Amino acid sequence: MTDLTDLSTTEAHDAFRKGEATAEALVRASLARIDAHDGKVNSVIRLDREAALEAAAAQDKARAAGILAGPLAGVPMMHKDMYYRAGKVSTCGSSIRGDFRPTRTATPLLRLDAAGAIDMGTLNMAEFAQNPTGHNRHFGDCHNPWNLPYCTGGSSSGSGAGVAARFFAAALGSDTGGSIRLPASICGVTGIKGTQTRVSRAGVMPLSFSMDNVGPLARTARDCARIMRVISGHDPADATSAPEPVPDYEAALTGDLRGLSVAVPQEWFFEGADEVVVKGFEASLEVLKARGAKVARVSCPSLRAIGTYVAVVSRVEAATIHAQWMREKAGDYAKHLSGRLYGGYAIPGTWYVEALSARGPLLRQFCREALADHHVVATPSLRMRVPTLAETDIDADPANWARHMAISANTRPFNYLGLPTVSLPCGFDDRGLPMGLQISARPFGEGRALMVADAYQRDTGWHTRAPVLA
Amino acid sequence: MATDPMDAAKEAIRLWTGVACPNAAAARAMEDFPALIREFEAVRGTIVFEDEPSTFEAALRAEKEPGT
């Protein structure tokens, strides 16, 4: 048997279901790896060791009794510390909520529980999910397992770093401007944010009601397909969740890209892009072509307005949510966060309404420009090579602001558009840090985006590489 | 009344929300606003008087992946 921590989500479940590995063995392997290496990576906020072992024992007992296992039975998972679990502290990566004990459990966690996933605890994250780098003044910065001085990406920093480090098979992140896709790209794992409204946000810390999304980070597109099917679908506790039926995303993973057309927008996504990033992206298009896809360069003039408006919506909504704490205890936030929130109060209400009013028309325009004749949109997940934590530390030097904010330039537009978008590993830069390929599809086209990502992963091995943790 | 536009913005924030500028990072964040104002100027005219409310959710459904 291979090292159990090398198993992906679907592989770990298969090993459990076939009796090749007990849930307890899977959890113990994860715990041992966390104990050995998380002191350097700093991905974990709270490890529920005993509860995880008890849950694993219950899974093993059920299997021995012949009780049919759920689709994630036996799989060790941990989650960004903003998914509420009744009675347990959910810090949201902050000191302000250092003793916050919610009275309800988040719907995505309830659905994972019902599917048999084993929740081992909570993960480091950007304070209140509001930076793209992985800095955290309260719990310590999260470090990239591929090279510790480098960013993990954020805000789901512990989710990306922990999956990459093989601490657990998968994790939930959240994505308002790229917070799943950035750590997925930067840590070399696969992550998806669904269509806006696809996954319930009940019991999940809000950042921006208009653009928040729940989604997984895992090793493979197949893992993400499995988890997305479990967590998606209407939830009476979240009136904004979509009623559309949830398809079997895994059934769409055929590997067949014949007849598929991939659009590559010529605006926005390559402005000031590092050469190594562009080269990696172009090489990934060749992989898709070799599987039968056609690639077309398209013009999307709508991206200029999209890029303008997306800068407004989440800033205003976050500033509104945090207003009372900003009045009473601004000093309890990290400087980079209070600084970011502060700007939101300067934005006129008419701009905010304008940005929301334009959202539907711009989605329609973008779909006409990019997806009328094509099935998916492909872009690099980041324009830049992975920066170091020091290069993007605003608290140490406010002059790092521009570099810090530029990290999410390529992910933000898809939050404004609400489109399902996957980031998957597509190589390594000249400093040995991962790079990501971003695939977006039409609304509710999660299956399409995951199908393309899975096809890519059938012919490449980037997603199977693991960092060496001494 | 402040004459510098950013100082005026800080005064307006304090007046309208009661939030004070917390630190140098916040001041740096405000330096992005002239560029943002120019970007908004560039899209002026694209939003016109509408008789019907715009809904993003309707656009999501209108543009959704066939068969979903």
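Our structure is the block above this text.
Keep in mind that what you see is a predicted model, and the values were worked out from it rather than measured.

K.L.:
It is not clear to me how the interface of chain A and chain B should be interpreted in this structure. Could you clarify?
P.N.:
Often, the extent of an interface is quoted as the loss of accessible area upon association of its parts. Counting residues at the interface gives 47 residues for chain A and 36 residues for chain B. Contact between chain A and chain B buries roughly 3,600 Å² in total, counting both sides, with carbon and sulfur atoms accounting for 70%. A per-residue breakdown of the area chain A buries against chain B is headed by Y342, W351 and W401 of chain A, which together make up 20% of the total. Where chain A meets chain B, there are four salt bridges. With a closest N to O distance of 3.4 Å, K64 of chain B and E244 of chain A form a salt bridge. Summed over the shared surface of chain A and chain B, the number is eight residue pairs in polar contact (both at pLDDT 80 or more). Class assignment for the residues of the side of chain A that touches chain B results in 26 nonpolar, twelve polar and nine charged.

K.L.:
Help me understand the pattern of salt bridges in this model?
P.N.:
It is possible for side chains bearing opposite charge to pair when their charged atoms get close. Scanning all chains against the criterion turns up 28 salt bridges over all chains. E63 of chain B is the salt-bridge partner of R442 of chain A, the closest N and O atoms lying 3.0 Å from each other. Separated into two different chains, R442 of chain A in the loop between strand 11 (434-441) and helix 16 (446-459) and E63 of chain B in the segment after helix 4 (56-62) make up a pair that spans both. A relative accessible area of 15% means that R442 of chain A is categorised as buried. Residues joined by salt bridges that share partners form a network here, namely R137, D141, D393 and D395 of chain A.

K.L.:
Would you explain the sheet that holds strand 4 (residues 170-174) of chain A in this entry?
P.N.:
Paired through backbone hydrogen bonds, the strands of a sheet run either parallel or antiparallel to each other. Residue and element names in this part refer to chain A. Strand order across the open sheet formed by eleven strands is 1-3-2-4-6-5-10-11-9-7-8, with mixed pairing between neighbours. The open sheet terminates on both sides in strands that have one partner only, identified here as strand 1 (44-47) and strand 8 (294-298). Going across the sheet, the axis of each strand differs from the next one's by a mean of 30°, ignoring polarity. Note that strand 10 (residues 421-428) and strand 11 share seven bridges and pair antiparallel. In the strand pairing of strand 11, F428 is matched with P434. Across the face of the sheet, helix 16 comes into contact with strand 5 (190-193), strand 9 (376-380), strand 10 and strand 11 while running at roughly 15° to strand 10.

K.L.:
Got a minute to help me understand the pairing of strand 4 of chain A in this structure?
P.N.:
Regular strands place side chains that alternate from one sheet face to the opposite one. Residues and elements named next belong to chain A. Burial runs high along strand 4: five of the five residues are buried. Where burial is concerned, the two faces of strand 4 agree: the one with A170, L172 and S174 and the one with A171 and G173 are both buried. Taken together, the three bridges between strand 2 (residues 76-80) and strand 4 define a ladder with parallel strand orientation. Bridge pairing links H79 to L172 in strand 4.

Each value, and the rule that gives it
Residues numbered from 1 in each chain as written. Chains lettered and ligands numbered in written order. Predicted model: local features only at pLDDT ≥ 70, side-chain atom pairs only at ≥ 80, totals over all residues. Heavy atoms only, no water. Contact = heavy atoms within 4.5 Å. Buried area = accessible area lost by both parts, 1.4 Å probe. Salt bridge = Lys/Arg side-chain N within 4 Å of Asp/Glu carboxyl O. Polar contact = N/O pair within 3.5 Å; in protein donor to acceptor, adjacent residues only side chain to side chain. Nonpolar A, V, L, I, M, F, W, Y, C, P; charged D, E, K, R; others polar. Helix = DSSP H or I, 4+ residues; strand = E, 2+ residues; numbered from the N terminus. Buried < 20%, exposed > 50% of the residue type's maximum accessible area, 1.4 Å probe, protein only. Pairing = 2+ DSSP bridges. Axes fitted to C-alpha atoms, helices over the stretch in contact; angles between N-to-C directions.

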